[in-house]
Amino acid sequence: MADDTELIKRAQAEDIDAFCLLAERYARRIHLLASHYCRNQQDAEDLSQEVWLKAYQALQSFRFDSSFYTWLRRITINAFLNHRRSGFFRRQGQTTAVQLMPLDSEVSSLASPENIYNKLLFESVVEAISELTASQRLAFLLRHYEGMSYEEIANAMNCSTGTVKKGVWRAITKLRARLSTEPQSQEALTSLANEY
Amino acid sequence: MHNCREVRERLTELILDGQPDRELVAELNKCAECSAEFDAVNATLRTTTRVRETAIPAESYWPAYHARLRDKLSHVQVRRRKENTGASFAPLRLCVNILFRPVPVPLAAGLVVLALLGLLAFRGTRKPAAPQSVVVHVPVEIPVVQEKLVTQVVYRNRYLPSRTSKRTGADSRVENTFAKSQMPRPDDVPTLTGFKPAADVKLTVIKGGSPNEK
């Protein structure tokens, strides 16, 4: 299996197949960020694909100074910030991030109560995250899901470390208030999952 | 001194970093509220971590996703190639388009007439360009006429009476009569009527002349 460096060099020579192999390696991570950021599955796909198109167009500027994923993540963050400014997320209000699979489908084995419970939980988490401001949401995702340091996030978002720390703290406080972890809520989710 | 707000702000870092902070743990043990807050935040972050993988669509989703991406990439590649080839011949193509564009004869004639009229109007309103002035510094000697105020003193003839008074006899009487006739009368005021000053005045100062001369 070819390593990233070889695939990048081939992709820089306009080999689309090589670039698609790179995309297959990292598409899930980029899509994960986009789906938490966008709240909407269609927006998440559009945004993640746009990230790949931008990466393809800018690939000639990649100088192997950092890992490919670090470079790609920077493009992702910029795309997120640009979309925040341009009002890309026009389908606000639709929470279709969770697509419950029909039980009679070929993947019905995945529709166990535990999976459904997780999906319902995910829906409530995404809804809670969507209520954060865009900068709080991005700072939280980068800190919590990507494990970036406050300095790295501040550098990527072009703001101070203190702003990032405060944003993450406020995001967690809001999430804590929104995602009630009381036993009755958990029970309600479990019973709802069993109904499916 | 225990500060609940400060401890709660540091809880996030304690949970996210996953590194034990003995000082903070000791503070949590002191305060039941802070300890409860720690548990709540920890549970929230555990929940978000738990559902993290749920956000990733099922494997059946990805082939179609990559097919769509490949399609978009192909379009980008084609467009980029077109731009690259188009950019190299762009000026030539522009000239060809302009020169060989089919235009109806009346329209072309009208355009030519309009162009000529415009050219004539432009020439009519155009003023001849003034020669550009060049500043050259040339030293020139200018003669300065210095005028002097010259006072010309005119003396009239005088006869000294002391001389004539010393003479005696008939001569002296005749001379006295003549002298008296020549002497100015009190009402005879000297005038400068008829005096014409010379254009050039030559002054000669004689040193050691009369003692009364100034």
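Residues numbered from 1 in each chain as written. Chains lettered and ligands numbered in written order. Predicted model: local features only at pLDDT ≥ 70, side-chain atom pairs only at ≥ 80, totals over all residues.

(A) Highlighting the overall build of chain B. If you tally the helices and strands in chain B, you get seven helices and zero strands. Ordered by position in the sequence, the α and β elements of chain B form the string α-α-α-α-α-α-α. Split into buried and exposed, the 214 residues of chain B put 7% on the buried side. Long-range contacts, defined here as pairs at least 24 residues apart, represent 57% of the contacts in chain B between residues at least 6 apart. (Helix = DSSP H or I, 4+ residues; strand = E, 2+ residues; numbered from the N terminus. Buried ≥ 20, exposed ≤ 12 C-beta atoms within 10 Å, placed from the backbone. Contact = placed C-beta atoms within 7 Å.)

(B) Summary view of the overall build of chain A. The secondary structure content of chain A amounts to nine helices and zero strands. Along the chain direction, N to C, the helices and strands of chain A fall in the order α-α-α-α-α-α-α-α-α. Sequence-distant contacts, at least 24 apart, represent 65% of the contacts inside chain A between residues at least 6 apart.

(C) The interface of chain B and chain A, seen in detail. Taken residue by residue, the interface counts 28 residues in chain B and 35 residues in chain A. Elements that contribute at least two residues to the side of chain B that touches chain A include exactly helix H1 (4-17), helix H3 (32-50) and helix H4 (62-99) of chain B. Across the side of chain B that touches chain A, the residue classes break down as 13 nonpolar, nine polar and six charged. (Nonpolar A, V, L, I, M, F, W, Y, C, P; charged D, E, K, R; others polar.)

(D) Examining the packing of helix H8 (residues 161-178) of chain A against H3(B) more closely. Interaxial distance between H8(A) and H3(B) falls to 9 Å at its minimum, and their mutual angle equals 90 degrees. As judged from the angle between their axes, H8(A) and H3(B) are roughly perpendicular. On H3(B), the residues touching Ile172(A), Leu175(A) and Arg176(A) of H8(A) are Ala40(B), Val41(B), Thr44(B), Leu45(B) and Thr48(B). Looking at side-chain class alone, the contact of H8(A) with H3(B) contains five nonpolar, two polar and one charged residues. (Axes fitted to C-alpha atoms, helices over the stretch in contact; angles between N-to-C directions. Parallel < 35°, antiparallel > 145°, perpendicular 65-115°, else oblique.)

(E) Spotlight on the confidence of the model for chain A. The predicted model of chain A averages 80 in pLDDT, with 77% of residues at 70 or higher. Long-range and interchain partners of residues 90-108 of chain A, a stretch whose pLDDT sits below 50, account for 28 contacts in this model, where long-range means more than four residues apart. (pLDDT = per-residue confidence, 0-100.)

(F) Spatial organisation of the environment of Arg176(A). Along the polypeptide, Arg176(A) turns up in helix H8. A residue is classified by how many C-beta atoms lie within 10 Å of it, and Arg176(A), with 19 of them, is partly exposed. Distance from Arg176(A) to Ala128(A), taken between C-alpha atoms, is 9.2 Å for residues 48 residues apart in sequence. If near-sequence neighbours (up to four positions away) are discounted, Arg176(A) is found in contact with Ala40(B), Val41(B) and Thr44(B).

(G) Quick look at the nonpolar core. Formed by 60 residues in total, the largest nonpolar core has its most connected members in Val125(A) and Ala139(A). In terms of residue count, helix H2 (residues 16-38) of chain A provides more of this core than any other element does, eleven residues in total. With residues up to four places along the chain from it excluded, the contact list for Val125(A) reads Leu179(A), Thr47(B), Thr48(B) and Val51(B). (Core = buried A, V, L, I, M, F, W, Y, C linked by C-beta atoms within 7 Å.)

(H) Molecular detail of helix H5 (residues 113-130) of chain A. Here H5(A) is 18 residues long and its end C-alpha atoms lie 25 Å apart, about the 26 Å a rise of 1.5 Å per residue gives. Along H5(A), the residues that are buried comprise Ile116(A), Tyr117(A), Lys119(A), Leu120(A), Leu121(A), Phe122(A), Val125(A), Val126(A), Ala128(A) and Ile129(A). (Expected span 1.5 Å × (residues − 1).)

(I) Fine view of the packing of helix H1 (residues 4-12) of chain A against H2(A). Residue and element names in this part refer to chain A. Following both chains from N to C, one finds H1 and H2 inclined at 140 degrees, their axes separated by 7 Å at the closest point. Classified by the interaxial angle, the pair formed by H1 and H2 is oblique. The chirality of how H1 crosses H2 is left-handed. In contact with Asp4, Leu7, Ile8, Arg10 and Ala11 of H1, H2 contributes Ala18, Phe19, Leu21 and Leu22. (Left-handed = near helix turned anticlockwise from the far one by under 90°.)

(J) Region of interest: H3(B). Compared with an ideal rise of 1.5 Å per residue, which puts 19 residues at 27 Å, H3(B) spans 27 Å between its outermost C-alpha atoms and is within 8% of the ideal. For H3(B), the complete set of buried residues consists of Cys34(B), Phe38(B), Val41(B), Thr44(B), Thr47(B) and Thr48(B). Buried-residue contacts for H3(B) involve H5, helix H6 (134-144) and H8 of chain A together with H1 and helix H2 (22-30) of chain B.

(K) Inspection of the confidence of the model for chain B at higher detail. Residue and element names in this part refer to chain B. In the predicted model, chain B carries a mean pLDDT of 75, and the fraction of residues at 70 or more is 67%. Per-element averaging of pLDDT across chain B places helix H6 (residues 161-165) at the bottom with 50 and H3 at the top with 87. As a predicted assembly, this complex carries a pTM of 0.59 together with an ipTM value of 0.78.

(L) How the structure looks around unusual backbone geometry. All names here are of chain A. You will see that Glu14, though not glycine, has its phi angle at about 65 degrees, which is positive. Turning to its location among the elements, Glu14 is positioned in the loop between H1 and H2. For Glu14, a count of 14 C-beta atoms within 10 Å gives the class partly exposed. Backbone geometry places Asn158, a non-glycine residue, at a positive phi of 60 degrees.

(M) Just the environment of Leu45(B), in detail. Of note, Leu45(B) is situated in helix H3. The class of Leu45(B) is partly exposed, set by 19 C-beta atoms lying within 10 Å. In this structure, the C-alpha to C-alpha distance between Leu45(B) and Thr12(B), residues 33 residues apart in sequence, is 9.4 Å. Setting aside residues no more than four positions away along its own chain, Leu45(B) makes contact with His144(A), Ile172(A) and Ile15(B).

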